[in-house]
Amino acid sequence: MAGMNNINERYFILTYGCQMNVFDSEVISGHLEGMGFMPAENEEEADVLVINTCAVRKKAEDKVLSKLGKLKFLKEQKSTMTIVLWGCMAQQENIAKRVRERYGFIDLVGGTHSLGRFPELLEKARVSRRVVVDIDTVGEREDLPIRRGHSFKAWIPISYGCNNYCTYCIVPHVRGPEKSRPPQSIIDEVKALAANGYKEITLLGQNVNSYGKDLKEEVDFADLLKSLDSLDGLVHIRYMTSHPRDFNEKVIRTIQEGEKICEHFHLPIQSGSDKVLKLMNRGYTREYYLELIHNIKGIMDNFSITSDFIVGFPGEEEKDFEDTIDLMKEVEFDAAYTFIYSPREGTEALKMDGQIEPDVKKKRILTLNQIQGNISLEKNRQLLGTKQEVLVEGRSKTNPEKYTGRTRTNKIVHFFSNENLLGMLVNVKIIEAKSWTLTGEYK
Ligand code: SF4
């Protein structure tokens, strides 16, 4: 491996999309530092520039394509720079073809399964005159080097890919079928992190609730949570993303009985209309979802529930949208992430009749955000005057005495202190409430 001759060279990674991509970028950093590269402050300084892409919505792809325009210019200034297009967008055949035809200044195209082969692919791309493309659909993912972004919290993938094929979603097409990691590898990894002072882990998967279904041994998500909850040292165990259809009572009771598992339930419902849920192939009904929420409220004491909504899905009539509003008001989510339906190449929904006009989509998302904003504000106001335990995650770039942290129920809290509290668990008194954030007093 030619690692040693990269000593004076630097790398920079632009990461788009979800936490799984953030994790993949941490592995790419681990590879590059293993090859002798040092981190650069910015893209201009980089000798190796990696763009780790997202394909979940058109907006994410457009961002990358406009970035590529700028990078073409940068490469003309610095011809020795190696440019790498990576991730979900790069995994798609048509993108690799477009790179070959139009973006000749890109040196390496690598997909979501190529992480284990990154060093050899980069070496090859740095000596080859032609763009190197690797969007093979198999690849090792265990025991890869990693440069974690934090010293007190870590992303822990527990499974990769998804088998659900929701009709609007590109993920199964670019990340492949579900593959669970062996439980012992996950437990050993978390044990080592806890021994090194890590306080919080977030378990990652496109659908964490179907963890273990593809493994020979009898293990499911609740079992894994229980094993991790028994480990010393950690204070917070978080997880994302759940699929309501696979969220069962065993998981709810494990969270209730657990010591470290955070009482935040993120359950993307997407729509409140049974007709639209069917068209989306979500695999559950409005009634099933409300029953699940009812169960959680019946078993749990202090918790929060958040969700995702898509408006403007093909065939969504005014009545369907009213069903969504009605459900949002009935559940009273602590927060909700709302998205306008984005047609994706290769998905079922792209071919569906009844595509919705852009201005109707816009009107619906504004309505939904306003309703949820009021509900979230009311929910957050109920915390005024209470003391909340917060894990301190960040410090303001402009004011070093301004900190940000999150409660076990995933509420974002800002507060001030002149002590160095990064990575600490502190109690703050809530003195102000807004729809999306809280302000605390730390004494
Ligand atoms: S569950 Fe549905 S929306 Fe989520 S990643 Fe899988 S296919 Fe996509």
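Keep in mind the model is a prediction, meaning the values are calculated, not measured.

So, how was this worked out
Residues numbered from 1 in each chain as written. Predicted model: local features only at pLDDT ≥ 70, side-chain atom pairs only at ≥ 80, totals over all residues. Heavy atoms only, no water. Helix = DSSP H or I, 4+ residues; strand = E, 2+ residues; numbered from the N terminus. Contact = heavy atoms within 4.5 Å. Pairing = 2+ DSSP bridges. Buried < 20%, exposed > 50% of the residue type's maximum accessible area, 1.4 Å probe, protein only. Axes fitted to C-alpha atoms, helices over the stretch in contact; angles between N-to-C directions. Parallel < 35°, antiparallel > 145°, perpendicular 65-115°, else oblique. Left-handed = near helix turned anticlockwise from the far one by under 90°. Nonpolar A, V, L, I, M, F, W, Y, C, P; charged D, E, K, R; others polar. Salt bridge = Lys/Arg side-chain N within 4 Å of Asp/Glu carboxyl O.

**Re the environment of Glu401**
- The residue Glu401 is located in the loop between strand E15 (387–395) and strand E16 (402–406) in this model.
- For the pair formed by Glu401 and Leu290, sequence separation is 111 residues and the distance between their alpha carbons is 42 Å.
- If sequence neighbours within four positions are ignored, Glu401 has contacts with Phe415, Phe416, Ser417 and Asn418.

**Observations concerning the sheet that holds strand E3 (residues 48–53)**
- Spatially, six strands are ordered E2-E1-E3-E4-E5-E6 in an open sheet, and the strand pairing comes out parallel. Looking along the sheet, the strands with just one partner apiece sit at the ends: strand E2 (38–39) and strand E6 (132–134).
- With six bridges connecting them, E3 and strand E4 (residues 82–87) associate as parallel partners. Bridge pairing in E4 links Asn52 to Trp86.

**Things to note about the pairing of strand E13 (residues 304–311)**
- Among the eight residues in E13, eight count as buried, and that is most of the element.
- On E13, burial covers both faces: Ser304, Thr306, Asp308 and Ile310 on one face and Ile305, Ser307, Phe309 and Val311 on the other are all buried.
- Bridge count for strand E12 (residues 264–266) against E13 is three bridges, and the pairing is parallel. Bridge assignment links His264 to a residue of E13, and that residue is Ser304.
- Inspection of the sheet shows E13 paired to strand E14 (residues 335–340) by six bridges, in the parallel sense.

**Quick word on the packing of helix H1 (residues 19–34) against helix H4 (residues 118–127)**
- Closest axis-to-axis distance for the H1/H4 pair is 10 Å, and the angle between their directions is 60°. Here H1 is positioned oblique relative to H4, judged by the angle of their axes. Here the hand of the crossing between H1 and H4 comes out right-handed. Residue-level inspection shows Ile28, His31 and Leu32 of H1 in contact with H4, the latter providing Phe118, Pro119 and Leu122.
- Grouping the amino acids of the contact of H1 with H4 by side-chain chemistry returns five nonpolar, one polar and no charged.

**Re the pattern of salt bridges**
- In the structure shown here, the tally under the stated rule is 35 salt bridges.
- Here Asp326 makes a salt bridge to Arg286, at a shortest N to O gap of 2.5 Å. With Asp326 in helix H11 (residues 318–331) and Arg286 in helix H10 (residues 286–299), this residue pair connects regions lying 40 residues apart in the sequence.
- Taking relative accessible area as the criterion, Arg286 reaches 15% and is therefore assigned buried.
- The salt bridge involving Arg364 is made with Glu316; its shortest N-O contact spans 2.8 Å. With Arg364 in helix H12 (residues 358–381) and Glu316 in the loop between E13 and H11, this pair connects stretches of sequence that are 48 residues apart.
- Residue classification places Glu316 among the buried residues on the basis of a relative accessible area of 2%.
- Each of Lys153, Glu200, Arg238, Glu393 and Arg406 takes part in a single network of salt bridges with overlapping partners.

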